[in-house]
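Residues per chain are reported as follows:
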Amino acid sequence: MQTSQTFSLSKLSLPTMGCGTWAWGNRLLWGYDESMDGGLQEVFNLCVQNGVTLFDTGDSYGTGKLNGRSEQLLGSFAQAYSGDNKNEICIATKLAAYPWRLTRNSMVAAGKASAKRLGRDIDLVQMHWSTANYAPWQEGALLDGLADLYEQGLVKGVGLSNYGTKRLRWVHQRFRDRGIPITSLQVQYSLLSTYPVTELGLKDVCDELGIKLIAYSPLALGLLTGKYSENNYPQGIRGLVCRQLLPGMKSLLQCLGEIAVSRNKSISQVAINWCIAKGTIPIPGAKSVEQARENIGALGWILNAGEVAELDQIAASLKKKMVQNIFQTQ
Ligand SMILES: NC(=O)c1ccc[n+]([C@@H]2O[C@H](COP(=O)([O-])OP(=O)(O)OC[C@H]3O[C@@H](n4cnc5c(N)ncnc54)[C@H](OP(=O)(O)O)[C@@H]3O)[C@@H](O)[C@H]2O)c1
C-alpha cells in the first residue's frame, strides 16, 4: 500500500504521442490480414525509435478468431525490438467491461490473460469503458479489480477510458481511498470530436487531478487526413461516417490545408499537432510504415496560438461532428 506522500506519483511517464493499434487484428472495420504483420512490426520499430513509445491496445481488439491479436502482435514486436528507447516502451491495454465480468477477480484474471498474450507485464491497464450508462452497479467491483492489479505490482499504472468528469471524480475518490493514482484518461478527441473538452471540461479536471488526457481517434478514423473526397469514400461503416461528415467539413479541411502548406506539413500532421497543442497525448492509429512516418512528423514543432484559435473556431462552427462513443459518460 502506498503512503499518502507517494499517492500522486504515478510510476509511469508518458510520451508526447502514442500509437493506436485497434486496426491490428481487426478485419471487419479495418481490413486487417496477417500479411500486414511485417509492415506493422516496422510501424512499431519506427515509432519506438522516434520516441513514440506508448502503444494503446485492448483485450477486445481483434475480430472473431483474431481476438487478442493486437496484444499478441505488440508483445512479440516489443520482445524482438532491440533499438533505442527499448526501456521506454509502454504498452497500455484496456480491459473490457463485458457483462460477464462481474467480480474484482474477473478483472485480475483478465489482466493476467492480457499479460500472457503480451508475453510481458502490462505497463498501463485501463478500464475500457464505464458501465454507468447501463449497469452502474457492475462497475465498482471491476474498478476494484483494476486497482488490485496495481496493488499486486502486476501493472505500473492504472487508467480509464470514455469517462466524463462526474464519473472520473467518483473513481478518483474510490482509488484515492486505496492510495492508487490514476495515470491517464482516454477519450475521443479531435477537431471533429471536441465534446469531451469543450463541453465536459475534461482537460481542466484532469489537470486538477494530475491525470494525463489521451486523445483517441485524433484523425477521426481518417477523415482528418484529407485523403477522402466525395468521389472517394472508404468501404463499410467508415464510408457511412464519411458520407455524413465530409460535405459539412470543407471549411475545416481548407483551413487545415492552408496551415499545412504554410508550415510545410501535411493535413494529418496539423490535425495531430492540434491535439498536442491542446495538452493531450494523441494516439493516431497507423496501418503502414508510411502512415506512421507521417504521423511522427506531428512531433518536434507546435501550432501557434493564432493557428489553434482559427482551427477551434471552425471546429466549433461545424453542424455535424463525430458521434460520441455510446459508453462515454458525463
Ligand atoms: N478507448 C476507446 O474506446 C477507443 C476507441 C477508438 C480508438 N481507440 C484507440 O485510439 C487509437 C486511434 O484511433 P483510431 O484508430 O480509431 O482512429 P484514428 O487514429 O483517428 O485513425 C487511424 C486510421 O486512419 C488511417 N491513417 C492513419 N494515419 C494516416 C495517415 N498519415 N494518412 C492517411 N491515413 C492514415 C489508418 O486507416 P486506413 O489506412 O484504413 O485509412 C488508421 O488506421 C485506436 O487504434 C485505439 O488504440 C480507443
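For clarity, every value in this text was computed on a predicted model and none was experimentally measured.

### Brief notes about the confidence of the model for the protein
Part 1 of the argument: Overall, the predicted model of the protein reaches an average pLDDT of 95, with 97% of residues at or above 70.
Part 2 of the argument: Note on residues 1-8: pLDDT under 50 across the span, and 13 contacts to partners over four residues away in sequence or across chains.

### Focus: the pairing of strand β6 (residues 182-188)
Part 1 of the argument: A large share of β6 lies buried, amounting to seven of its seven residues.
Part 2 of the argument: Bridge count for strand β5 (residues 155-161) against β6 is four bridges, and the pairing is parallel. Residue pairing for β6: Leu160 is matched across the bridge by Leu185.
Part 3 of the argument: Taking the sense of rotation as the criterion, the β-α-β connection linking β5, helix α6 (residues 165-176) and β6 turns out right-handed.
Part 4 of the argument: For β6 and strand β7 (residues 212-216), the ladder comprises five bridges, and the chain directions are parallel. Counted as the bridge partner of Ser184 is Lys212 from β7.

### Regarding the environment of Ala316
Part 1 of the argument: Considering the arrangement of structural elements, one finds Ala316 in helix α13 (residues 305-317).
Part 2 of the argument: When its relative accessible area of 62% is taken as the criterion, Ala316 is described as exposed.
Part 3 of the argument: Residues Ala316 and Ser193 lie 123 residues apart in sequence; the distance between their C-alpha atoms is 9.9 Å.

### A closer look at the sheet that holds β6
Part 1 of the argument: With respect to topology, eight strands assemble into an open sheet ordered β1-β2-β3-β4-β5-β6-β7-β8, the strand pairing being parallel. In this open sheet, the two strands that pair with only one neighbour each are β1 (18-20) and β8 (281-282).

### Structural notes on the side chain of Asn162
Part 1 of the argument: If you trace the backbone, Asn162 turns up in the loop between β5 and α6.
Part 2 of the argument: By relative accessible area, which is 2% here, Asn162 ends up buried.
Part 3 of the argument: A polar contact is formed between the side chain of Asn162 and the side chain of Ser161, at a distance of 3.2 Å.
Part 4 of the argument: Sequence-distant contacts of Asn162, that is, excluding residues within four places in its chain, are made with His128, Trp129, Leu185, Gln186, Val187, Tyr216, Asn325, Phe327, Gln328 and Thr329.

### Looking at the packing of helix α11 (residues 267-277) against α13
Part 1 of the argument: Two elements in contact, α11 and α13, have axes separated by 11 Å at closest approach and are oriented at 105°. With respect to α13, the element α11 is oriented roughly perpendicular. Residues Val270, Trp274 and Ala277 of α11 form the contact with α13, whose participating residues are Val308, Leu311 and Asp312.
Part 2 of the argument: Of the residues assigned to the contact of α11 with α13, the class counts are five nonpolar, no polar and one charged.

### What to know about the pattern of salt bridges
Part 1 of the argument: This model, assessed by the stated rule, comprises 18 salt bridges.
Part 2 of the argument: Of the charged contacts, one joins Asp56 and Lys94 as a salt bridge, the two residues approaching to 2.6 Å between their closest N and O atoms. Placement of Asp56 in strand β2 (residues 54-56) and of Lys94 in strand β3 (residues 90-95) is noted, with a sequence separation of 38 residues between them. Comparing Asp56 with Lys94 shows no difference in burial state: the two are buried.
Part 3 of the argument: The shortest N-O distance in the salt bridge between Asp123 and Lys156 comes to 2.6 Å. With Asp123 in strand β4 (residues 122-127) and Lys156 in strand β5, this pair connects stretches of sequence that are 33 residues apart.

About the cut-offs
- Residues numbered from 1 in each chain as written.
- Predicted model: local features only at pLDDT ≥ 70, side-chain atom pairs only at ≥ 80, totals over all residues.
- Heavy atoms only, no water.
- pLDDT = per-residue confidence, 0-100.
- Contact = heavy atoms within 4.5 Å.
- Buried < 20%, exposed > 50% of the residue type's maximum accessible area, 1.4 Å probe, protein only.
- Helix = DSSP H or I, 4+ residues; strand = E, 2+ residues; numbered from the N terminus.
- Pairing = 2+ DSSP bridges.
- Right-handed = clockwise from strand over helix to strand, strands pointing away.
- Polar contact = N/O pair within 3.5 Å; in protein donor to acceptor, adjacent residues only side chain to side chain.
- Axes fitted to C-alpha atoms, helices over the stretch in contact; angles between N-to-C directions.
- Parallel < 35°, antiparallel > 145°, perpendicular 65-115°, else oblique.
- Nonpolar A, V, L, I, M, F, W, Y, C, P; charged D, E, K, R; others polar.
- Salt bridge = Lys/Arg side-chain N within 4 Å of Asp/Glu carboxyl O.

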